[in-house]
Structures are given as C-alpha cells and as structure tokens.
Amino acid sequence: MTDLTPISVILPTTGWNDACEEIAAQLRPGDELLVVCDTAVESVVERIEDRPDAVRLVVAGEPEGCSGKANAIAAGMEAAERDRLVWSDDDFRHPPGWLDGLRRDYERYGPTTEVPIFVGRDPLAVLLEPTHVISGTLAVCHAGVPWGGSLVFERDDIDEAAFLADLRRTVSDDGLLMEYVDVTSVERTRRVEIGGSFRDTLENQVRFAKIVRYHEPAGAVGQFVLGTVLAVGCVLFPLPALALLTVAMAGVYAALGVRRWTFLAAYPVAVAAIPLLVYGLVRRTFVWGGRRYRWRGKFDVSVEPE
C-alpha cells in the first residue's frame, strides 16, 4: 500500500511547462506543488488559478551571494507546508507514477534519489556523454551523491536551519545537500538533456569542475590523478587503450541501461579529460541559467552581469 504522507514538491522553473502539468496531475490530497520562479511569471499565475489548493507560485526574487537554483530551492523549502519534501527539475519527463515511486522509496529507504542520464543537445555535449556517465550517473548510483532533479527527504533528516543558511551563500544545491544527508540511490534513471551550444557545454564543464572542487576536493584530486594516468596510457598505447576503454565504457552503459552509441567516444574523452578539468578549474566565472557567477570558495559567490 502506498504511504499517503503529504508531500511538498519544489520545482524551480522559468514558467509553466510540461513538468508542471505532469507533477500537478500526480498530486494526492494533501500534497502541494510549489512552482518557484524569480518573479511572478504570468503563465504560472494563469495556470494555477484552477488548482488553488494544490499548486502555488513562490517568488524567489533575485539571488544575492548564491546561484538562482540555490535561491529557488531555499525559497521553496521556506514556503513549503509539508515535512516531506521532493525536489525536482523541469528538464526531464515525469511519467505517471513518478511521485508515488518516491513515496514508496522513502518508506523503504529514507532519503532517496533517482539517477540522471545526461544526453547532449550539441555535438560537444554528445561527445562528452561518457564523462557525464562516469562523474554524474555512476556517482549518484554508487557514491551517495544526491541528484536534485528527483529527490525525496524529510526536514528532520537534515539540520534545516544550517542547510538553508549555507544554501543562500553557495552555488550547488545537491552538492551541499550531500554534506547534510546520506541518500540511497534507487537506480531508476531519468533522461536529462544538457548543453544546446558549444558555449553552453563549456560553461557546464566549468560549473561541474568547481562543484567537485568545493564540495569534494579529494574527488577532484582523484579525478586529476586518474585522468592523467588514462591520458598518458592513451598516448603511449593508443590501440590497446582504444580497445580497452571502448569495451569498458560499453559495459558501463549496458549495466546502467544506457542505449547510446556515445560509449565509442570513451577514448577521445579520456585524452581530453585533463585539459577540460584544468579549464574548468582555472576559469574565474561561468554562466548558468542566464547569470554569470564568480565562485571563489564554497561560500564565496557573487552574481555578475552576463
């Protein structure tokens, strides 16, 4: 039997879209969907008039000293009226049963996350898909890293006051949450499209590199060491490395249920891994969601004109 503990779903977005419709259709009595925007977006105001008890618009305002996403999550958590919280994003499909699945997961495991499969929308993002499988998908599956796109927990699972204070002075919401709660991955995958242009993909690489640097510095060192070894091996022994990496990545894709040809890019991605990591670490600013951020330390963030 599905547990009927009421849930607050927090959905940062820029306007009413398919994700809003999909989640709103899955709400049970007592649940609420908080659509969080920077401003009072007209499309959201118009669509929630028919659902006054279940869907609410939360106006987060402009971020100061944190990312727009972190600001939106903080505003959503403060406005939420339920103790059980679900975070989600608007860039993947929420099929029927998605919310009830997270209900059951919490009853079985406590704080729980689903798993993203990042799919590129531009040639560079497509080429880099093996990187996202290793550092994104596998990290969520096996390293206790939460994915803020599909995540359930309760307020009592964290030190909420401290978490919200830290959230309003950093960039990565799920990177920070990793430090506050242990999550279980249920290994249900959701397809998330990323990139869109060469520039978008490079900006994402910078953000991802800095998340690891500030929230998991030992992981950044490990990435650098392993990436260096792989790159040297690829240069010194190109044919064996090509065969080994391609077969290994094909196995990882198969284990995760990823049906994409991009495992064939494992070799060039391994060669490019260190230059990309260094690029991400040395860049002083990056653009995300239409804002430029200067992230100097975990809790030292400034928002600058794009």
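Residues numbered from 1 in each chain as written. Predicted model: local features only at pLDDT ≥ 70, side-chain atom pairs only at ≥ 80, totals over all residues. Heavy atoms only, no water.

A.B. asks: With reference to specific residues and values, describe helix H10 (residues 217-236).
C.D. replies: One full turn of an α-helix is made of 3.6 residues, so residues set three or four places apart face in the same direction. Between its terminal C-alpha atoms H10 stretches 29 Å, which fits the 28 Å expected from 20 residues at 1.5 Å a residue. Every buried residue of H10 is listed here: Ala220, Gly227, Ala231 and Cys234. In an axial view of H10, the angular spread of the buried residues amounts to 60 degrees, which keeps them on one side of the axis. Summarising the geometry of H10, the exposed residues directed more than 90 degrees from the buried face are Ala218, Val221, Leu226, Val229 and Leu236. In this fold, the buried residues of H10 make contact with helix H9 (198-215), helix H11 (238-256) and helix H12 (266-282). (Helix = DSSP H or I, 4+ residues; strand = E, 2+ residues; numbered from the N terminus. Expected span 1.5 Å × (residues − 1). Buried < 20%, exposed > 50% of the residue type's maximum accessible area, 1.4 Å probe, protein only. Arc of directions from axis to C-beta. Contact = heavy atoms within 4.5 Å.)

A.B. asks: I'd love a proper account of a nonpolar patch on the surface, names of residues and values included.
C.D. replies: A cluster of nonpolar side chains, contributed by Val221, Phe224, Val225, Val229, Val278 and Val282, occupies part of the molecular surface with about 520 Å² of accessible area. Only H10 and H12 provide two or more residues apiece to the nonpolar patch. Top element by residues in the nonpolar patch is H10. It accounts for four residues. Relative to the elements of secondary structure, valine 221 occurs in helix H10. (Patch = residues over 30% accessible without salt bridge, like charges linked within 9 Å, V, L, I, M, F, W, Y side chains within 5 Å. Areas by Shrake-Rupley, 256 points an atom, 1.4 Å probe, with all protein chains shown as cover. Salt bridge = Lys/Arg side-chain N within 4 Å of Asp/Glu carboxyl O.)

A.B. asks: Give me the packing of aromatic side chains: which residues, what numbers.
C.D. replies: For the structure shown, the criterion picks out nine aromatic pairs. For the pair phenylalanine 286 and tryptophan 295, a centre-to-centre distance of 6.5 Å together with 55 degrees between the ring planes defines the contact as tilted. Each member of the pair, phenylalanine 286 as well as tryptophan 295, carries the same accessibility label: buried. Chaining the aromatic ring pairs together yields one cluster made of Tyr214, Phe286, Trp288, Tyr293 and Trp295. It is arginine 169 that lies over the ring of phenylalanine 299; its NZ or CZ is 4.0 Å from the centre. For the cation-ring pair, arginine 207 lies above tryptophan 288, with the distance from its terminal atom to the ring centre recorded as 4.1 Å. (Phe/Tyr/Trp six-rings, centres within 6.5 Å; stacked < 30°, edge-to-face > 60°. Lys NZ or Arg CZ within 6 Å of the ring centre and 35° of its normal.)

A.B. asks: An account of the sheet that holds strand E7 (residues 184-194) is needed here, citing residue identities and associated values.
C.D. replies: Pairing in this open sheet of seven strands is mixed, and the strands run E3-E2-E1-E4-E6-E5-E7 from one edge to the other. The sheet is open, and its two borders are formed by strand E3 (55-59) and E7, each paired with just one other strand. Direction aside, the axes of adjacent strands within the sheet are offset by 25 degrees on average. (Pairing = 2+ DSSP bridges. Axes fitted to C-alpha atoms, helices over the stretch in contact; angles between N-to-C directions.)

A.B. asks: Which residues make up the nonpolar core, and what values go with them?
C.D. replies: If you look at the biggest cluster of nonpolar residues, it comprises 43 residues, and the most contacted ones within it are Val9, Leu33, Val35, Val55, Val86 and Trp98. For this core, the element with the most residues is H11, which contributes five residues. Non-local contacts of valine 86, meaning those with residues more than four positions away in its chain, are made with Ile7, Ser8, Val9, Ile10, Trp98, Leu99, Leu102, Leu151 and Val152. (Core = buried A, V, L, I, M, F, W, Y, C linked by side-chain atoms within 4.5 Å.)

A.B. asks: Tell me about the state of the cysteines, and please be specific about residues and values.
C.D. replies: Taken as a whole and judged by the stated rule, the model has zero disulfides. Looking at the unpaired cysteine 66, the closest cysteine sulfur is the one in cysteine 37, lying at 16 Å. Overall, the relative accessible area of 1% leaves cysteine 66 in the buried class. (Disulfide = S-S within 2.5 Å.)

A.B. asks: Kindly report on the side chain of threonine 246, identifying the contributing residues and their values.
C.D. replies: Within the secondary structure layout, threonine 246 lies in helix H11. Here leucine 242 takes part through its backbone oxygen, which lies 2.7 Å from a polar atom of the side chain of threonine 246. The contact partners of threonine 246, leaving out residues within four places of it in the chain, are Phe263, Leu264 and Ala266. (Polar contact = N/O pair within 3.5 Å; in protein donor to acceptor, adjacent residues only side chain to side chain.)

A.B. asks: Account for the pairing of strand E1 (residues 7-12), with residues named and values stated.
C.D. replies: Looking down a regular strand, the side chains alternate between one sheet face and the other. With six of its six residues buried, E1 lies for the most part within the structure. Across the two faces of E1 the burial is the same, with Ile7, Val9 and Leu11 and Ser8, Ile10 and Pro12 all buried. Pairing geometry for E1 and strand E4 (residues 84-88), over four bridges, is parallel. Its bridge partner lying in E4, serine 8 is registered against leucine 85. The sheet contact formed by E1 and strand E2 (residues 32-37) spans five bridges and is parallel. The residue bridging valine 9 from the neighbouring strand is leucine 33, located in E2. As a crossover connection, the stretch from E1 through helix H1 (residues 18-24) into E2 is right-handed. (Right-handed = clockwise from strand over helix to strand, strands pointing away.)

A.B. asks: Can you explain the sheet that holds strand E10 (residues 300-304)? Please cite residues and give values.
C.D. replies: Spatially, E8-E9-E10 is the arrangement adopted by the three strands of the open sheet, whose pairing is antiparallel. The outermost strands of the open sheet, each flanked by one partner alone, are strand E8 (285-288) and E10. Between one strand axis and the next, the sheet turns through 30 degrees on average, direction left out of account. Two elements, E8 and strand E9 (residues 291-297), share four bridges in a ladder whose sense is antiparallel. Note that in E9 the partner of threonine 285 across the bridge is arginine 294. Here H9 sits on the sheet and contacts E8 and E9; the angle it forms with E8, its principal contact strand, is near 115 degrees.

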